[in-house]
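Spelled out from the first residue to the last, the chains are:
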Amino acid sequence: MTKYTLALFLLFDISYSMDGSLSGQLEPDRDLMFSQDHRTKSKVVSVQAYNIETLKYYATDTKLARIASFDGGGVRGIGAASWCANFENSTKKSMADMFNLFAGTSTGGIIAAALAMEDPTSPEHSLYSADDIVNLYINECENIFRPRSFLGYLLTSKYKTEPAYKTFNTYFKDTKLSQIRPDCDLLVTYYNLTNNHPSFFKSHKAQNPALSRNEDFYLKDIIASTTAAPTYFKEFKLYTAYSKDHPEIHSNNFISAIDGGVAANDPSACALTEAMSLYRNADAFLLVSMGTGNCVSEVNPRGLISWAKNISNILMENTSEMSEHILKKFGMYSSKPVFFSRLQFDISEAHSSMDNKRPENISYLGHQAQNANTVIDKIEKISKVLSISNKPDRHSLTGDIVLSESNFMEI
């Protein structure tokens, strides 16, 4: 078999393998992991019943910076979107009225960006409710996951880019990263293939006149980049907003971007470090991290073809446990308390695919998320605190933003 025949066979195998199950490991009990650890003196504590009164104190009497983080996971993002609807229905507030920073990877980037969008007809109000985002999953998955021809499977990717981008354009239009709600910050992950390193879209950089030429992007391009999962979609040609606005000068100045999930499918640790750097005047932090479903299935790849079938999912799954480990260790050295709540639900292997757009699967995912009793209980407890407190003014958290000095020195 020639190397060219083998390459085509691998591509064919990968294309059809994406309908298979997603790997996962049994998640540890997060309430046990994030109980206050008196041996390590970690400042990261889970939002359990006995911590709610402490959280209430920080929310009402101090400057508590609030962070919402959303994992990647394709259609499974409907679970996190439905939880946001729970928060909004319980508090009668929009998510952007409750949280300072939104962070997301892949499908989580869609949720984060949509929640942070400002209504152009009503300044400092949200354009979309969480219910609107739930409806996006229900109504638009068929358009986002539009399959290529048989030959397209082999040579490019499983799904077409153009129909998905058209959907992103419908929802995000020509809004730029610098134009989100001024009282919110947005962090979205992607992977830069041009320079071969993980990268971030950051709204505070896009809003900085000294940086905006290189750091401001159209939201629809951000979403197309962070959702360009390998083998699902081809890489996205990412232009800055400035380059797009001046095509006669910068027509070839683009980055090849793919899904940030290959580096940080769970962006919660990235979100917390960003918040601590940005909100220097905060007294404490609340981090609500929302997963997209936990499926326990054995992965036992053997040989090149088997690894090719599983490597994308292995890379993009299971990062939440690493994030939690980092967060707890981080809390050992933090001078400020961090209240952490991880929301996750269980799904069966038959429903684990990130691109299963069938209505019955979408319904199943939403049902599972809403029937995760532990999660719903956490949402109710946190909502009670958020309903009686206001998020701190952004400027009171950031002060006059300057580039952070770090004690980390590279040699």
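Everything quoted here is computed from the prediction, not taken from an experiment.

*Asks:* Could you give me a rundown of the packing of helix α4 (residues 78-91) against helix α19 (residues 359-370), with the residues and numbers involved?
*Replies:* Here α4 crosses α19 at 50°, and the two axes come no closer than 8 Å. With respect to each other, α4 and α19 are oriented oblique. Seen from above, α4 lies across α19 with right-handed handedness. On α19, the residues touching I78, G79, S82, W83 and N86 of α4 are I362, L365, G366, A369 and Q370. Among the residues forming the contact of α4 with α19, the class breakdown is five nonpolar, five polar and no charged.

*Asks:* Tell me what's going on with the nonpolar core, and back it up with residues and numbers.
*Replies:* Burial of nonpolar side chains together is a common tendency in soluble globular proteins. Membership of the largest hydrophobic core comes to 84 residues, with the highest contact counts inside it found for F70, W83, F87, M95, F102, F172 and M290. Among residues more than four places away in sequence, those in contact with F87 are M95, M98, V288, M290, L343, I379, I382, S383 and L386. A103, L278, L287 and L397 belong to the second largest nonpolar core, which has 19 residues in total.

*Asks:* I'd like to hear about the environment of K237, residue by residue, with values.
*Replies:* Along the chain, K237 turns up in strand β6 (residues 236-238). Between the C-alpha atom of K237 and that of S256, which follows or precedes it by 19 residues, the distance is 5.0 Å. Residue contacts for K237: discarding those within four places in its chain leaves F254 and I255.

*Asks:* Got a sec to walk through α19? Specific residues and values, please.
*Replies:* Taking 1.5 Å of rise per residue, 12 residues should cover 16 Å, and α19 covers 17 Å from first to last C-alpha, within 8% of that figure. If you check which residues of α19 are buried, you get N361, I362, Y364, L365, G366 and A369. Where α19 is buried, its residues meet α4, α7 (130-144) and α20 (373-387).

*Asks:* How would you summarise the packing of aromatic side chains if you had to cite specific residues and measurements?
*Replies:* If you walk through the whole model with that rule in mind, you get 13 aromatic pairs. Each ring, one from F99 and one from F102, has its centre 6.2 Å from the other, and the planes form 55°; the classification is tilted. Considered together, F99 and F102 belong to a single accessibility category, that of buried residues. Grouped by ring-pair contacts, the aromatic residues Y57, Y58 and F339 constitute a single cluster. Above the ring of Y242, the side-chain terminus of R213 is found at 4.1 Å from the ring centroid. Directly above the aromatic system of Y218 lies the positively charged group of K220, at a separation of 5.8 Å from the ring centroid.

*Asks:* Explain the environment of T156 to me, and be specific about the residues and the numbers.
*Replies:* Here T156 shows up in the loop between α8 (150-155) and α9 (161-172). Taking the C-alpha atoms as reference points, T156 and K234, separated by 78 residues in sequence, lie 6.3 Å from one another. In contact with T156, other than residues within four places in its own chain, are R148 and K234.

*Asks:* Tell me about the packing of α4 against α7, and please be specific about residues and values.
*Replies:* Angle between the axes and distance between the axes are the two parameters that describe a pair of packed helices. In the contact formed by α4 and α7, the axes pass within 8 Å of each other and the chain directions differ by 155°. The angle between α4 and α7 falls in the class roughly antiparallel. Regarding α4 and α7, the two cross each other, and that crossing is left-handed. Between α4 and α7, the contacting residues are I78, A81, S82, C84, A85, E88 and N89 on the first element and A130, D131, I133, V134, Y137 and I138 on the second. A breakdown of the residues in the contact of α4 with α7 according to their chemical character gives nine nonpolar, two polar and two charged.

*Asks:* Report on α7, specifying residues and quantitative values.
*Replies:* Along α7, the sharpest change in direction is near 40° and occurs at I138. Here α7 has its buried residues at A130, I133, V134, L136, Y137, E140, C141 and I144. On the buried face of α7, the contacting elements are α4, α6 (107-116), α9 and α19.

*Asks:* Account for the pattern of salt bridges, with residues named and values stated.
*Replies:* What the rule picks out here adds up to 15 salt bridges. Close ionic contact of K391 with D183 constitutes a salt bridge, the shortest N to O distance being 3.3 Å. Of this pair, K391 sits in the loop between α20 and α21 (394-398) while D183 sits in the loop between α9 and β4 (185-192), placing them 208 residues apart in sequence. Salt bridges sharing partners connect three or more residues here, namely D97, R181, D183 and K391.

Definitions and cut-offs
Residues numbered from 1 in each chain as written. Predicted model: local features only at pLDDT ≥ 70, side-chain atom pairs only at ≥ 80, totals over all residues. Heavy atoms only, no water. Axes fitted to C-alpha atoms, helices over the stretch in contact; angles between N-to-C directions. Helix = DSSP H or I, 4+ residues; strand = E, 2+ residues; numbered from the N terminus. Parallel < 35°, antiparallel > 145°, perpendicular 65-115°, else oblique. Left-handed = near helix turned anticlockwise from the far one by under 90°. Contact = heavy atoms within 4.5 Å. Nonpolar A, V, L, I, M, F, W, Y, C, P; charged D, E, K, R; others polar. Core = buried A, V, L, I, M, F, W, Y, C linked by side-chain atoms within 4.5 Å. Buried < 20%, exposed > 50% of the residue type's maximum accessible area, 1.4 Å probe, protein only. Expected span 1.5 Å × (residues − 1). Phe/Tyr/Trp six-rings, centres within 6.5 Å; stacked < 30°, edge-to-face > 60°. Lys NZ or Arg CZ within 6 Å of the ring centre and 35° of its normal. Bend = angle between axes of the 7 residues up to and from the residue. Salt bridge = Lys/Arg side-chain N within 4 Å of Asp/Glu carboxyl O.

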